[in-house]
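Inside the fold
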Amino acid sequence: MDRDIRDISHFGAPSAFTCPTCRGALWELRDGELVRYRCHIGHAFSADSLLLEQTEAVEQALESGLRAVEEKAATLRRVADRYAEKFPNLEKQYHEQAKQLDDQAVVIRHLLASRAA
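Residues numbered from 1 in each chain as written. Predicted model: local features only at pLDDT ≥ 70, side-chain atom pairs only at ≥ 80, totals over all residues. Heavy atoms only, no water.

This part is about the pattern of salt bridges. One pass over the structure, following the stated rule, counts five salt bridges. Glu-28 is paired through a salt bridge with Arg-30; the nearest N and O atoms lie 3.1 Å apart. The exposure class assigned to Arg-30 is exposed, which follows from its relative accessible area of 59%. Among the salt bridges present, the one from Arg-67 reaches Glu-71, with a minimum N-O distance of 3.9 Å. Taken together, the residues span about one helical turn, with Arg-67 and Glu-71 both in helix α1 (residues 47–83) at a distance of four residues. Classification of Glu-71 by relative accessible area gives partly exposed; the value is 47%. (Salt bridge = Lys/Arg side-chain N within 4 Å of Asp/Glu carboxyl O. Buried < 20%, exposed > 50% of the residue type's maximum accessible area, 1.4 Å probe, protein only. Helix = DSSP H or I, 4+ residues; strand = E, 2+ residues; numbered from the N terminus.)

In the sheet, strand β1 (residues 13–18) pairs with strand β2 (residues 25–31) via three bridges, with the strands oriented antiparallel. Residue pairing across strands places Pro-14 opposite Trp-27, the latter belonging to β2. Hairpin connection, β1 to β2: the antiparallel pair is bridged by six residues, and Arg-23 has positive phi, about 70°. Where β2 lies against strand β3 (residues 34–39), six bridges are found, and the strand directions are antiparallel. Within the sheet, the bridge partner assigned to Trp-27 lies in β3 and is Arg-38. Between the end of β2 and the start of β3, which pair antiparallel, lie two residues, with Gly-32 showing a positive phi angle near 70°. (Pairing = 2+ DSSP bridges.)

As a further point, take the packing of aromatic side chains. Inspection of the entire model under this criterion finds three aromatic pairs. Ring centres 6.1 Å apart and planes at 35° place the aromatic pair Tyr-83 and Tyr-94 in the tilted group. Of this pair, Tyr-83 sits in helix α1 while Tyr-94 sits in helix α2 (residues 88–116), and the two are eleven residues apart along the sequence. By the ring-pair criterion, three or more aromatic residues cluster together here, those being Tyr-83, Phe-87 and Tyr-94. (Phe/Tyr/Trp six-rings, centres within 6.5 Å; stacked < 30°, edge-to-face > 60°.)

Laid out in structure tokens, this is it:
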């Protein structure tokens, strides 16, 4: 923990990947046929464990995205309903935006379902 961030470059080359734990840069470390990844904080991964962590990160991101899309659609509908009398054009616009978000949510749900299968 008391090392400079540049110290790890002595062990390997920077990879194009980020640490799934801290989101920092990962270095690729080779020891013969063995390939490992490590960030400057010290999180370390084999190729297989990195793939597993990335899979979990993708699933969490999709779930967060789904929640955000659904919440925004619900907010748009609630605001649209409140604007119905005074601003009918805005009400229509918000309902259309909510419908587009519903369509996006279907795609995200499909991605999540296909990952579970």
